[in-house]
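What the coordinates show
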Amino acid sequence: MLSLILFRHGKSDWDAPYGTDHERPLAARGKEAARCMGRMLSRAGQTPELAVSSSALRARDTLQIAARAGDWQCGMRFESALYESSPSGILAWVRALEENPASLLLTGHEPTWSELAGALIGKGRIRVPTAAMLRIDFEIDTWQQLDFGLGQLRWLLPPKLICKSKD
């Protein structure tokens, strides 16, 4: 069995100075949510073997902050293929992975994450809120076998359910 955790980047700061969408940073609220979600994943004993983020600044920072806060001991990298992609593009990227981690975490964006999650569980309608994580399990042996409709949604956790809000 393989597990995929989708992690939507934290709340971004639309008022911060940035040149392109790719460079838009996290807001303070997004950083705090990333810390909280990283700790939650560790406390639940579900840290990934490999964590990969979109190359966008807000996604990279979300992953790095969460991993640091949760003291994750996993491989981590950034991939431009996860930025402005589609569910079929993400599927192809995962199938091409050289590694075969039992648990893979991907940090990325909307609307791709909601569409991808729905497709992986088979025509489901899922909304992935900002900084939320969800886990989908697959009865497969390698990521090359991944396909739409094969997954079982195990949990979806928005930060507002587990993080203390300062709003």
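Residues numbered from 1 in each chain as written. Predicted model: local features only at pLDDT ≥ 70, side-chain atom pairs only at ≥ 80, totals over all residues. Heavy atoms only, no water.

1. What about the overall build of the protein chain?
- Of the regular secondary structure elements, the protein chain holds 5 helices and 6 strands.
- Starting at the N terminus and walking to the C terminus, you meet the elements of the protein chain as β-α-β-α-β-α-β-α-β-β-α.
- For 167 residues, the compact-globule estimate of 2.2 N^0.38 gives 15 Å, and the C-alpha radius of gyration of the protein chain, at 15 Å, lies within 12% of that figure.
- Taken along its principal axes, the extent of the C-alpha atoms in the protein chain is 40 × 35 × 30 Å.
- Within the protein chain, the proportion of its 167 residues that are buried is 50%.
- Contacts in the protein chain between residues far apart in sequence, at least 24 positions, make up 73% of those at least 6 positions apart.
- About 8,100 Å² of surface is accessible on the protein chain, with carbon and sulfur atoms providing 48% of the total. (Helix = DSSP H or I, 4+ residues; strand = E, 2+ residues; numbered from the N terminus. Rg over C-alpha atoms; globule rule 2.2 N^0.38 Å. Buried < 20%, exposed > 50% of the residue type's maximum accessible area, 1.4 Å probe, protein only. Contact = heavy atoms within 4.5 Å. Areas by Shrake-Rupley, 256 points an atom, 1.4 Å probe, with all protein chains shown as cover.)

2. Thoughts on the packing of aromatic side chains
- Applying the stated rule across the entire model yields 1 aromatic pair.
- Judged by centre distance (6.2 Å) and plane angle (70°), the rings of phenylalanine 138 and tryptophan 143 are edge-to-face. Exposure class is identical for phenylalanine 138 and tryptophan 143. Each is buried.
- When the ring centre of tryptophan 14 is taken as origin, the NZ or CZ atom of arginine 24, which lies over that ring, is 3.7 Å away. (Phe/Tyr/Trp six-rings, centres within 6.5 Å; stacked < 30°, edge-to-face > 60°. Lys NZ or Arg CZ within 6 Å of the ring centre and 35° of its normal.)

3. Side note on the nonpolar core
- The biggest cluster of nonpolar side chains holds 26 residues, and the ones touching the most others in it are Val94, Leu104, Leu106 and Trp143.
- For this core, the secondary-structure elements that each account for two or more residues are strand E1 (2–8), strand E2 (50–54), helix H3 (87–95), strand E4 (103–108), helix H4 (112–121) and strand E5 (133–138).
- Setting aside chain neighbours within four positions, we find tryptophan 143 in contact with Leu2, Ser3, Leu4, Val94, Arg95, Leu97, Glu99, Asn100, Pro101, Ala102, Leu104 and Phe138.
- Leu41, Ala51, Ala67 and Met133 belong to the second-largest nonpolar core, a separate cluster that totals 16 residues. (Core = buried A, V, L, I, M, F, W, Y, C linked by side-chain atoms within 4.5 Å.)

4. Things to note about the packing of helix H1 (residues 28–43) against helix H2 (residues 57–70)
- The N-to-C vectors of H1 and H2 enclose an angle of 45°; their axes lie 7 Å apart at closest approach. As judged from the angle between their axes, H1 and H2 are oblique. Seen along the crossing, H1 lies across H2 with a hand that is right-handed. Contact residues: Lys31, Ala34, Arg35, Gly38, Arg39 and Ser42 in H1; Thr62, Ile65, Ala66, Ala69 and Gly70 in H2. (Axes fitted to C-alpha atoms, helices over the stretch in contact; angles between N-to-C directions. Parallel < 35°, antiparallel > 145°, perpendicular 65-115°, else oblique. Left-handed = near helix turned anticlockwise from the far one by under 90°.)

5. Considerations on the pattern of salt bridges
- Applying the stated criterion across every chain yields a total of 9 salt bridges.
- Of the charged contacts, one joins aspartate 137 and arginine 135 as a salt bridge, the two residues approaching to 2.6 Å between their closest N and O atoms. Each member of the pair, aspartate 137 as well as arginine 135, is classed as buried. (Salt bridge = Lys/Arg side-chain N within 4 Å of Asp/Glu carboxyl O.)

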